[in-house]
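Fold and geometry: a report
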Amino acid sequence: MLIVKKFGGTSVADKERIFNVAKRCIEDYNKGNDVVVVLSAMGKSTDDLLAMAADINPDMPKREVDMLLATGEQTSVALMSMAMRALGVPAISLNAFQVAMHSTSTYGNAKFKRIDTDRIQHEIDNRRIVIVTGFQGINKYDDITTLGRGGSDTTAVALAAALHADACEIYTDVEGVFTADPRKVPNAKKLPEITYDEMLEMATLGAQVLHNRSVELAKKYGVQLVVRSSLTTAEGTVVKEVTKMESMVVNGIATDKNTARIAVIGLQNTPGVAFKVFNILGKKNINVDVILQSIGRDNTKDISFTVSEEQADEAMEILEENKKALTADHIECDKNVAKVSVIGAGMQTNAGVASKMFEALYNAGINIRMISTSEIRITVLVDEDCADRATKAAHDMFIED
Ligand code: ADP
Ligand code: ASP
Ligand code: MG
């Protein structure tokens, strides 16, 4: 069997944890399996590197930031290989350049295009455990890119797909995917399994237990994932196409505080205005999420939408520059908002989920600022300081004890 095993930052945070991971990998190797390991940077080292960069140059030149961040993963793979060798097992560490993990050019948010498997296969054929840096790629200029925060999961899935692995295991600091963040909602329950579609919504809407691109890739290439703890042997959560479980109406609640709301106010009420607003943002690669259009005063209209907090200033800048052309009266930005979403495939066949969600928030005295839905999700925008209470209220309403 070829197994891809990915370990996140907390799982390799110190010497003891590195040896713990090394031993778990060696167990599989000693059973005759081929083992490819993907690692994140140790502990909070990516945050530390970002802080160092900001301190030296607040402009944070993107190419150099990626060059810097990639060293975090390089440190952990080299140390892991040393740990395995200290335990008498042949191991080799490889970075994205050595593997040749080709990505798009966008620094900080690159996507994989193609992965060469020759080098890894060669090492596997020589019965080595291969340890690969997560989170990084190389672009057409032979520069190092990174995949966005949490991107090591995506490296693991991309490698599992490229190598036709028999298993892809994501080890983290919780025992699987829960009905809500178990650190925020203590009575959250571990899900034995979840569909790709539900997991994709959860990941995109704030459950950082998996990088959303990793779920997208897993679905595309049919890679079944297991999310489990690196510290216990508890069975984790299987992420796959369909689940055997009788579909619960709501499987999870996700919370995303990394959200800003922008309102473009007093626009002319004529065709093409919305197009102009979103075209300008699209050209700058700004991802727009929940959108609301409402009628303003004097036959004008207002368009509000959410973006991630990191992109809010850039979005405001470009909109302000184009204020006249857009016919806007003024533009506002509010970073103190959060998205709370309930997710479940069962919603498709169950009426009344939205009204129950609104009831839960009403009972908790929480005001809803925007609403957006898909077939399997309802998202509301609330004030950031209400987000945790809103999450708990929705959890209590939908998830049985
Ligand atoms: P790693 O470093 O292993 O990649 P992350 O911090 O990226 O770990 O992801 C794991 C964290 O995700 C958990 O510690 C937990 O707080 C958070 N999390 C958020 N939502 C969920 C959820 N629905 N189920 C499990 N964990 C969640
Ligand atoms: N080290 C990177 C981060 O902290 C990638 C990852 O952990 O997946 O975002
Ligand atoms: Mg992660």
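Residues numbered from 1 in each chain as written. Chains lettered and ligands numbered in written order. Predicted model: local features only at pLDDT ≥ 70, side-chain atom pairs only at ≥ 80, totals over all residues. Heavy atoms only, no water.

Within an unreviewed UniProt entry, the label attached to the protein chain reads Aspartokinase, and the organism entered is Eubacterium oxidoreducens. The Subunit (unreviewed entry) field of the UniProt record for the protein chain holds the comment "Tetramer consisting of 2 isoforms Alpha (catalytic and regulation) and of a homodimer of 2 isoforms Beta (regulation)." Quoted straight from UniProt, the Catalytic activity (unreviewed entry) entry for the protein chain says "L-aspartate + ATP = 4-phospho-L-aspartate + ADP". (UniProt positions renumbered as here; feature names shortened; annotations may be inferred.)

1. What about the overall build of the protein chain?
When its secondary structure is counted, the protein chain shows 13 helices and 18 strands. For 401 residues, the compact-globule estimate of 2.2 N^0.38 gives 21 Å, and the protein chain sits close to it at 23 Å. Seen through its C-alpha atoms, the protein chain measures out along the principal axes to roughly 75 × 50 × 35 Å. Looking at the 401 residues of the protein chain, the share that counts as buried comes to 50%. Relative to all contacts within the protein chain whose residues are 6 or more apart in sequence, the contacts with residues 24 or more apart total 74%. Accessible surface computed for the protein chain: about 18700 Å², of which carbon and sulfur atoms make up 49%. For the protein chain, the distance from the average site of its 45 positive side-chain charges to the average site of its 55 negative ones is 2 Å. (Helix = DSSP H or I, 4+ residues; strand = E, 2+ residues; numbered from the N terminus. Rg over C-alpha atoms; globule rule 2.2 N^0.38 Å. Buried < 20%, exposed > 50% of the residue type's maximum accessible area, 1.4 Å probe, protein only. Contact = heavy atoms within 4.5 Å. Areas by Shrake-Rupley, 256 points an atom, 1.4 Å probe, with all protein chains shown as cover. Lys, Arg positive; Asp, Glu negative; His and termini not counted. Charge placed at Lys NZ, Arg CZ, Asp CG, Glu CD.)

2. With respect to the sheet that holds strand E16 (residues 330-343)
Spatial strand order, E14-E15-E13-E16-E18-E17: six strands in an open sheet with antiparallel pairing. Where the open sheet ends on each side, the last strands, each with one partner, are strand E14 (291-295) and strand E17 (370-374). Along the sheet, successive strands turn relative to each other by an average axial angle of 30 degrees, direction set aside. Pairing geometry for E14 and strand E15 (residues 300-308), over five bridges, is antiparallel. Across the sheet, the residue bridging to glutamine 293 is isoleucine 303, located in E15. In the packing of helix H7 (residues 196-204) onto the sheet, contacts are made with strand E13 (252-268), E16, E17 and strand E18 (377-383), and the angle to E13 comes to roughly 65 degrees. Across the sheet, helix H12 (residues 353-363) lies against E16, E17 and E18, angled at about 20 degrees from E18, the strand it touches most. (Pairing = 2+ DSSP bridges. Axes fitted to C-alpha atoms, helices over the stretch in contact; angles between N-to-C directions.)

3. Topic: the side chain of aspartate 302
Note that aspartate 302 resides in strand E15. In terms of polar contacts, aspartate 302 uses its side chain to reach the backbone amide nitrogen of glycine 266, at 3.0 Å. With residues up to four places along the chain from it excluded, the contact list for aspartate 302 reads Val264, Ile265, Gly266, Leu292, Gln293, Ser294 and Gly296. (Polar contact = N/O pair within 3.5 Å; in protein donor to acceptor, adjacent residues only side chain to side chain.)

4. What to know about the nonpolar core
The biggest cluster of nonpolar side chains holds 68 residues, and the ones touching the most others in it are Val36, Ile120, Leu159, Cys168, Met199, Val342 and Met357. Setting aside its immediate chain neighbours within four residues, valine 36 contacts Leu2, Ile3, Val4, Lys5, Ile120, Ile124, Val130, Val132, Leu159 and Leu163. (Core = buried A, V, L, I, M, F, W, Y, C linked by side-chain atoms within 4.5 Å.)

5. Considering the packing of H7 against helix H8 (residues 212-221)
What describes two packed helices is the angle between their axes and the distance between those same axes. Their axes nearest at 8 Å, the elements H7 and H8 cross at an angle of 165 degrees. As far as their axial angle goes, H8 and H7 are roughly antiparallel. Handedness of the H7/H8 crossing: left-handed. Between H7, through Tyr196, Asp197, Met199, Leu200, Ala203 and Thr204, and H8, the contact on the second element is made entirely by Asn212, Val215, Glu216, Ala218 and Lys219. Broken down by class, the residue content of the contact of H7 with H8 amounts to six nonpolar, two polar and three charged. (Parallel < 35°, antiparallel > 145°, perpendicular 65-115°, else oblique. Left-handed = near helix turned anticlockwise from the far one by under 90°. Nonpolar A, V, L, I, M, F, W, Y, C, P; charged D, E, K, R; others polar.)

6. Some points on the packing of aromatic side chains
One pass over the structure, following the stated rule, counts two aromatic pairs. With 4.6 Å between their ring centres and 15 degrees between their planes, phenylalanine 7 and tyrosine 171 make a pair best called stacked. Highlighted residues: phenylalanine 7 in strand E1 (residues 2-7) and tyrosine 171 in strand E9 (residues 167-172), separated in sequence by 164 residues. Since its relative accessible area comes to 3%, tyrosine 171 is described here as buried. Their ring planes at 70 degrees and their centres at 5.3 Å tell us that phenylalanine 278 and phenylalanine 305 sit as a pair that is edge-to-face. Remark: phenylalanine 305 occurs in strand E15 and phenylalanine 278 occurs in helix H9 (residues 273-283); sequence separation between them is 27 residues. (Phe/Tyr/Trp six-rings, centres within 6.5 Å; stacked < 30°, edge-to-face > 60°.)

7. A word on the site of ligand 2
In the vicinity of ligand 2, the residues found are Ser40, Ala41, Thr46, Glu73, Phe135, Arg149, Gly150, Gly151 and Ser152. Contact distances for ligand 2 include 2.8 Å between a nitrogen atom and a side-chain N or O atom of threonine 46. Protein contacts shield 87% of the accessible area of ligand 2, which totals 260 Å² for the unbound molecule. Grouping the constituent residues of the shell around ligand 2 by class yields two nonpolar, five polar and two charged. (Near = heavy atom within 4 Å.)

8. Describing the site of ligand 1
By nearness alone, 18 residues border ligand 1, and Thr172, Asp173, Phe178, Asp181 and Arg183 come closest of all. The contact in question runs from an oxygen atom of ligand 1 to an N or O atom on the backbone of glycine 9, over 3.2 Å. Between ligand 1 and the protein, one listed contact pairs an oxygen atom with a side-chain N or O atom of aspartate 181 at 2.8 Å. For ligand 1, whose free accessible area comes to 570 Å², the fraction covered by protein is 88%. Grouping the constituent residues of the shell around ligand 1 by class yields nine nonpolar, five polar and four charged.

9. Quick word on the pairing of strand E2 (residues 34-39)
Burial analysis of E2 places five of its six residues in the buried class, which makes it a mostly covered element. In terms of strand pairing, E1 meets E2 through six bridges, oriented parallel. Counterpart to valine 4 in the pairing with E2 is valine 36. Running through helix H1 (residues 15-30), the crossover from E1 to the neighbouring parallel element E2 is right-handed. (Right-handed = clockwise from strand over helix to strand, strands pointing away.)

10. Points about the sheet that holds E9
If you walk across this open sheet you meet the eight strands as E3-E6-E2-E1-E9-E11-E12-E10, and the pairing is mixed. On the outer flanks of this sheet lie strand E3 (91-94) and strand E10 (193-195), each paired with one strand and no other. Across the sheet, the axes of successive neighbouring strands diverge by a mean angle of 20 degrees, strand direction being ignored. Of the strand pairs in this sheet, E10 and strand E12 (residues 237-240) are connected by three bridges, and their pairing is parallel. Note on E12: the bridge partner recorded for glutamate 193 is valine 238. Of the strands in this sheet, E1, E2, strand E6 (129-133), E9 and strand E11 (225-229) are in contact with helix H6 (residues 152-162), which crosses E2 at around 155 degrees.

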